[in-house]
Structure formats: C-alpha cells, structure tokens
Amino acid sequence: MLRVLAALLSLLPAFALAQEKVTVGIVTSLSGPMAAPGKFQMNGFRLAEEEINSAGGFALGGRKYLVDLKAYDTRANPAEGASAMQRLATVDKAPVVLGELHSGVAAAEAPIARDYGVPLVLTIPTGPGLTEQGNPFLFRVNANNDQLTQALADFVARQGWTPLAFIAWNNDAGRGGVNGMKKLLGESKIGYIGYFNVGEVDFASHVSNIRAGSARAVMLLMDEEPGSLAIRQIRDAGLKTQLIGTLAMGSDRFLKRLDADRLEGMVQYNAFPPNAAVPRIRAFSDRYRKKYGEEAHGFAAQSYDGLMLAVAAMQRAGTVTDGRKIRDALAAIEHDGVIGRIRFDSKGQAHPPVYVTQWCANGSRRILFPESLKADCGAG
Amino acid sequence: MPAAVLEQTINGLMSGSVYVLVALGMVLIYGVMHVLNFAHGVLFMLGGYVCHFFFTRVTGSYALSVLLSMGVLALVGIALERGVFRPLHGNLRNQVIASLGLILVIENLVVAVWGPNALQMKVPATEQLVPLGALRFPLQHLLVILVTFAVVAALFLFLKFSKPGTAIRAASQDRLAAMVVGIPVERIDWTTFALGTALAALGGALIGPLFLVFPLMGDAPMVKGLAGILLGGMGSVPGAVIGGLLIGVVESLSTLVLPTDYRDSVAFVVMVLILLARPQGIFGVRVRGED
C-alpha cells in the first residue's frame, strides 16, 4: 500500500511539469507597517493569476503556460527587499519581478534587477526619484508623486484654494510632496507647513497654526492612519478649512475609520476611481467585488495591470526565461489596462490618468477631474 | 493669538497629563526598588490594548474597561516584580538590562496577538465636543486632564495618610530602617509595582480612544515621562507631576513660534537648561545621599 502511494506521489511533480509553469516573482508587504496596502497589491496579482490560469494559461509559441506567483514578504525593509530580489533572480529564476509598495525598498531592489538582467515592474511606490536612475530594467505602472501632485496643483490653482497649508510626513514622501507643490503653485501661494514624524499622533499644534494662519485649504501628505487622526482633530477643533488628501484617503476603507460628516467636501487625488462609469473600470470592480467581497482599490488595479502587462511582454518577446528580451518587449509595449493605456517613457515611467475625487455628504464620492469624466456622487 | 495660546496650553496639559501618569509609575518604582523600569512605555501600550480588548470584545462600557485594564496590568506588574525584578534584586545593571529586554518581549507579543496595525476605539466621549469660547475640544481630551488630576490627588492622599502609603514612603526613604521597624518591604515592592503599572495602563487606556492603539504608542510618553522625572527631581513624586506637565505645556506652546518638527527637541533643551541651573531638578532632594 505504502509503495503504491509512494509511486503515486512521485508522479505528482511530473504532472505539474507537463502543464508548463512560469514563475513570476512578487515582492510585497505581507506583514509590517505596510501590510494593509500590501493586501490590496496581492489581491490584484491573485485576481490576474486566477483569470490567466482558469483560461488554461497564456499562449506562447504554440504552447500554453500557467502563471505561478512566487511572493516574498519584504516588510517595508530595504534589506529584506534586496535579499528577496536576489533570491528571485538566482534561486527561483523568475524572468520578471513585480510589486513593491515602499519607495525605499524599491530603491534597494532596482540595482539587483539590473545586475541580474531581470526586469522589475513596480505597481505602487510613488517616489519620483526611482525612475530617474537610468536603470533600464526598472518600470513603473503607477503614476509617481510628481505626476499626482501636478494634477492636483492644477486643480487647486483653478479652485483658488490658496494660501494652501500642509501637514506632511517628515520624510522623502512628505517633504518631496511639499516642495513639488511649492514649485508648481509658487511660494506666495503656500501658507503654514507642518511636518510630523512617523508614529506621531497628536496634530493639535498643527491645527492651532492652521487656524491662526487662515489657510483656505490644508493638504494632508500622509497615509491612512495619521490621515484619519488629522482629519478628526481638524474637524473636532471646529476648523472648516477645505481638506485635500492623498490617494490613501479616497476609499470605503477610509470612510470606515471616520464618518461621512467629517469627510464631506474633502478632495483627494486618485489613481483609480472604482465606481467610475468607464467600462473597463466597472468590469474590474465587479470581478474584484465578486472574488473579495469588497470595493476595488487602485493598488489592486495597478497590480492586476502589472501582471497582465508582464504576460503580454513575455508573449511579445517570445520567451519565458530571457529577462533581457522581456525588458525590451516591456520598453516597447502598449497595453490597455484597467487603469488606462500603459506605455513606458524612456525612463520606464508610465503615464496613467490621474483623477481628483471628492467626498459627498452620504459617504459616496464624485469625480471632479479630469473634466471628461466629471460625474456626481456615487461615481468616484 | 490668545486663543492659540489657550488652545496650546490645554493641548499641553493633555499630553503633559499622559507624561505624568507614566512618570508617576516610574518614580514610585524607582523610589522603592531603586530601579528605572524602561519597560514602562510598553506597559502603557499594553494597557491601551487590554482596554481595547475589554471595550470591544467583553463589555461595551469604557469606564469599566479602563478599570479592568488597570487591574490586569497591576497583575502583570506583580508578575514582573516576582519573575524578573526580584530575582535580580541588588544588581542594578541586570535590572536595567532586563527592563530593556522586556520592551522587546512585550512589544512582539502584542504584535503577535493583535497584529501590527493600529486599532480604533470608538468611545462616546471622543464624539462629544465641548465648546470653549471659539475653540472646541473632544470631551475625551478634557477627561484625560481631569482624570489625571483626580488620580494625582488621590495618590497624594494615599501616600500621605494611608498606612500602606506611609509604608511605601518609608521603604523609599530607607529600606533597611523600614525593615527594622517591621515594614514588610517585599510586600511593598510588589504593591508599588502593581500601582505603577496600573497608572501606566490608565494612561494608555485614556489616550487610546483619541490617538489609536498601536505598538509604538508608549515610546514618546516613556521618554517624555522620564524627562519629566529628571526635570522635577529624581525620586520626587510632586516633581514627576510638575515636570511632566511642564514638558507637555512647554513643547505645545513652542509650536506657536517654532517649526513643529522641533517640538521634541524643545522639551529636551528645556530639560537640559533647567538641570544646568539646578542639577538636582526642581524638587530634587538627595534623600539617599547619592551623587
């Protein structure tokens, strides 16, 4: 009996081989401070993987290949990211690696991608410097901070929401964002600027200063958790100032942390309004809700597009092993993704559309920008 | 401008109150056992988590959850005194190292049980707003100050007039003499530890609904509380109260004239300046003849 079982077991790997799998590397945060957004990223990858494999895999040279995701937890830690990237390139022999959330970790992974000739496709980090290093193996699907603030600066200037005050993270993301807006709007339009350190939770002193400086609007350059605290403290102190947030603050998840009363009127830039009346967005949101039972998220859409794009590049390159050929295919590709048309510029940066959405009184969102997609409550 | 000064003074009193709660526990334990418990910040954090657990899972009553959290942390304090600090009695260096090790153990235990993400505690008092002239504060904000003042008053009465309180003072003034007159100093040790950790738990439980409950929530209060102790005079209970409040108010008011990212440095610059002028701290008395 045991011998039969052993014989059967030994057949199993042979079976798996017969199906031809391609190992696609994933670097993400499954634990640590970025575990929550990391879940959206993984959800996007998993949804794409499931759709490809349930259709029998993707076709290449008369064969069908299944996608096999090999995910490593980089825990927002550059050292972890570097070792995961190295392992994917050498041990797992992944022809292409996708993901990452943290710009600092991505910066540690990118040189390794170049050293081993394995393209690294980022789907979430927004640090503008990443695609300025002249690294031909680095690609970014999502809009970076400069692209996001550009869209918002145009919008703020047109609304006349100046002087504009800031509460921003005392790090690259926060200071970079403030400097970007300063450059775009001009020094004279900037009011109070307050920086806070990661882990700080008391924004009372900023609230006092914003009240005293009579700013028309406050921009919150931070993540979900401090964002919800800052908004609560600003509104509870009775400040009626216009609030402007980041893309972390335009989701149902964020609404659950606060309430519609405190959020009403706040605007934020957004890479993916899940309820927009655009067929590709609607279709994705429906499939996402069916699988995960919750509202789709921009991070998931970007990551879904990333995997689909990588598969398209492998098909175009005619290889599932040669990273250099896949890189060349990525550099030339044009892909109609969920977030929009993806085409990389010479620096490896894509230029997807950027939206500005606003919270309505009933806890839904409307789209204010771009003009062509302007839509009322429930669409954002 | 006066409104901003008033607002920042009240904000400072609030954060200062939290520093006071941490500082009092540390100073009591230091007085009796002569050890600085650096794990006090994580016990503060644990108090926040335990309160969150009782509030969301067991009873819907916030007040009851705060008391339960203080009770649980008092037991934790007794366990730590028995299991960690008593066996190391007389070896200050090892006690300090053990308290640093406890930070790692407790912090990682909390992450393992509750996960790394911040938790919310939706308490009614955070939703109620109290108008104060042109300003508004959440009720919880003012409750933190009021409860701290009440607890400080009760603690003074306890230490001054009750028998166990007198025993604590006696043990902290001279351990040997206290033993000679028949005070059970080992019992005083764990009582003091329980009292100190319960005060830390109260701090964490009070601040949790305002600022989320998360693994690093005790770090800043611990460091600022310690600064308050040094400022007020090492080993002095009234010193810990005045020192903690002073640190809170000064750092809050400083943000009216200085960039907010200097807030932490302001607290410590003030501490250094005062200690330069008065090395023993505001209330410093060298009861033990130490230098």
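Above: the structure in question.
Predicted model, so just to flag it, every value in this text is computed and none were measured.

Novice: With reference to specific residues and values, describe the pattern of salt bridges.
Specialist: Scanning all chains against the criterion turns up 30 salt bridges over all chains. A salt bridge links K182 of chain A to E187 of chain A; the nearest nitrogen and oxygen atoms lie 3.8 Å apart. Taking the relative accessible area as the measure of exposure, E187 of chain A reaches 57% and is therefore exposed. Through salt bridges that share partners, R232, D236, D259 and R262 of chain A together with E127 of chain B make up one connected network.

Novice: Describe in detail the interface of chain B and chain A, supporting the description with residues and values.
Specialist: Contact with chain B, which involves 27 residues of that partner, is made by 31 residues of chain A. Both sides of the chain B and chain A interface together cover about 2,300 Å² of buried area, and 41% of this is carbon and sulfur. Counting the surface chain B buries against chain A, the share from its top three residues, R136, F211 and T260 of chain B, is 22%. The interface formed by chain B and chain A holds 5 salt bridges in total. R175 of chain A is the partner of D261 of chain B in a salt bridge, and the nearest nitrogen-oxygen pair spans 3.1 Å. At the surface where chain B touches chain A, the tally comes to 13 residue pairs in polar contact (both at pLDDT 80 or more). For the side of chain B that touches chain A, the secondary structure elements donating two or more residues are α1 (2-33), α5 (124-127), β2 (135-138), α9 (185-211) and α12 (263-277) of chain B. Of the residues forming the side of chain B that touches chain A, the biggest block, 5 residues, is contributed by α1 of chain B.

Novice: I'd like a description of the packing of aromatic side chains, backed by residues and values.
Specialist: All names here are of chain A. Enumeration over the complete set of coordinates arrives at 13 aromatic pairs over all chains. Taken together, a centroid distance of 4.9 Å and an interplanar angle of 55° make the contact between F139 and F344 tilted. Taken together, the residues F139 in strand β6 (residues 138-140) and F344 in the loop between β13 (341-342) and β14 (355-359) connect sequence positions 205 residues apart. Per residue, the accessibility class of F139 equals that of F344, and both read buried.

Novice: Describe in detail helix α6 (residues 139-161) of chain B, supporting the description with residues and values.
Specialist: With 23 residues, α6 of chain B extends 32 Å between its outermost C-alpha atoms, agreeing within 8% with the 33 Å of an ideal straight helix rising 1.5 Å per residue. Among the residues of α6 of chain B, Q140, H141, L142, V144, I145, T148, V152, L155 and L159 of chain B are the ones counted as buried.

Novice: Describe the nonpolar core, with residues and values.
Specialist: I167, L220, M222 and I231 of chain A together with L24 and Y62 of chain B are the most contacted members of the largest nonpolar core, which totals 103 residues. In terms of residue count, α1 of chain B provides more of this core than any other element does, 15 residues in total. Look past the residues within four positions of L220 of chain A in its chain and what remains in contact with it is I167, A230, I231, I234, I244, G245, T246 and M249 of chain A. Judged by nonpolar contacts, the second largest core, of 82 residues, contains V141, L148, I342 and F344 of chain A.

Novice: Quick one: what's the story with the sheet that holds strand β9 (residues 217-221) of chain A, residue by residue and with numbers?
Specialist: Residue and element names in this part refer to chain A. Pairing within the open sheet is mixed, and its 7 strands lie in the order β8-β7-β9-β10-β11-β14-β15. Across the chains shown, the open sheet's two edge strands, defined by having one partner strand only, are β8 (190-196) and β15 (365-369). The mean angle between the axes of side-by-side strands here comes to 25°, regardless of whether they run parallel or antiparallel. Looking at chain direction, strand β10 (residues 242-245) and strand β11 (residues 267-270) are connected through 2 bridges and run parallel. Residue pairing across strands places G245 opposite Q268, the latter belonging to β11.

Novice: Kindly report on the environment of R87 of chain A, identifying the contributing residues and their values.
Specialist: Positionally, R87 of chain A belongs in helix α3 (residues 78-90). When residues no more than four places from it in sequence are discounted, the contact partners of R87 of chain A are Y72 and D92 of chain A.

Novice: With reference to specific residues and values, describe the packing of α3 of chain A against helix α4 (residues 103-116) of chain A.
Specialist: All names here are of chain A. At their nearest, the axes of α3 and α4 sit 8 Å apart, and the two run at 25° to each other. When the interaxial angle is binned, α3 and α4 end up roughly parallel. In the crossing of α3 with α4, the sense of the turn from one axis to the other is right-handed. Touching P78, G81, A82, M85, Q86, A89 and T90 of α3 are G104, V105, A108, E109, I112, A113 and Y116, all from α4. Here the contact of α3 with α4 is built from residues that sort into 9 nonpolar, 4 polar and 1 charged.

Novice: Requested: an account of helix α3 (residues 62-85) of chain B, with residues and values cited.
Specialist: Residue and element names in this part refer to chain B. Helix length check: α3 (24 residues) gives 32 Å between terminal C-alpha atoms against 34 Å at 1.5 Å per residue, within 8%. Residues of α3 that are buried make contact with α1, α2 (40-58), α4 (92-114), α6 and α9. N-capping of α3 is provided by S61, with a side-chain oxygen placed 3.1 Å from the backbone N of L64.

Novice: Outline the pairing of β10 of chain A, listing residues and values.
Specialist: Residue and element names in this part refer to chain A. Alternating positions in β10 separate into two faces, Q242 and I244 on one and L243 and G245 on the other, with burial throughout. As paired elements, β9 and β10 share 3 bridges and run parallel to each other. Counterpart to A217 in the pairing with β10 is Q242. Running through helix α8 (residues 224-236), the crossover from β9 to the neighbouring parallel element β10 is right-handed.

What counts as what
- Residues numbered from 1 in each chain as written.
- Chains lettered and ligands numbered in written order.
- Predicted model: local features only at pLDDT ≥ 70, side-chain atom pairs only at ≥ 80, totals over all residues.
- Heavy atoms only, no water.
- Salt bridge = Lys/Arg side-chain N within 4 Å of Asp/Glu carboxyl O.
- Buried < 20%, exposed > 50% of the residue type's maximum accessible area, 1.4 Å probe, protein only.
- Contact = heavy atoms within 4.5 Å.
- Buried area = accessible area lost by both parts, 1.4 Å probe.
- Polar contact = N/O pair within 3.5 Å; in protein donor to acceptor, adjacent residues only side chain to side chain.
- Helix = DSSP H or I, 4+ residues; strand = E, 2+ residues; numbered from the N terminus.
- Phe/Tyr/Trp six-rings, centres within 6.5 Å; stacked < 30°, edge-to-face > 60°.
- Expected span 1.5 Å × (residues − 1).
- Core = buried A, V, L, I, M, F, W, Y, C linked by side-chain atoms within 4.5 Å.
- Pairing = 2+ DSSP bridges.
- Axes fitted to C-alpha atoms, helices over the stretch in contact; angles between N-to-C directions.
- Parallel < 35°, antiparallel > 145°, perpendicular 65-115°, else oblique.
- Left-handed = near helix turned anticlockwise from the far one by under 90°.
- Nonpolar A, V, L, I, M, F, W, Y, C, P; charged D, E, K, R; others polar.
- Right-handed = clockwise from strand over helix to strand, strands pointing away.

Nothing here speaks to function; it is all geometry.
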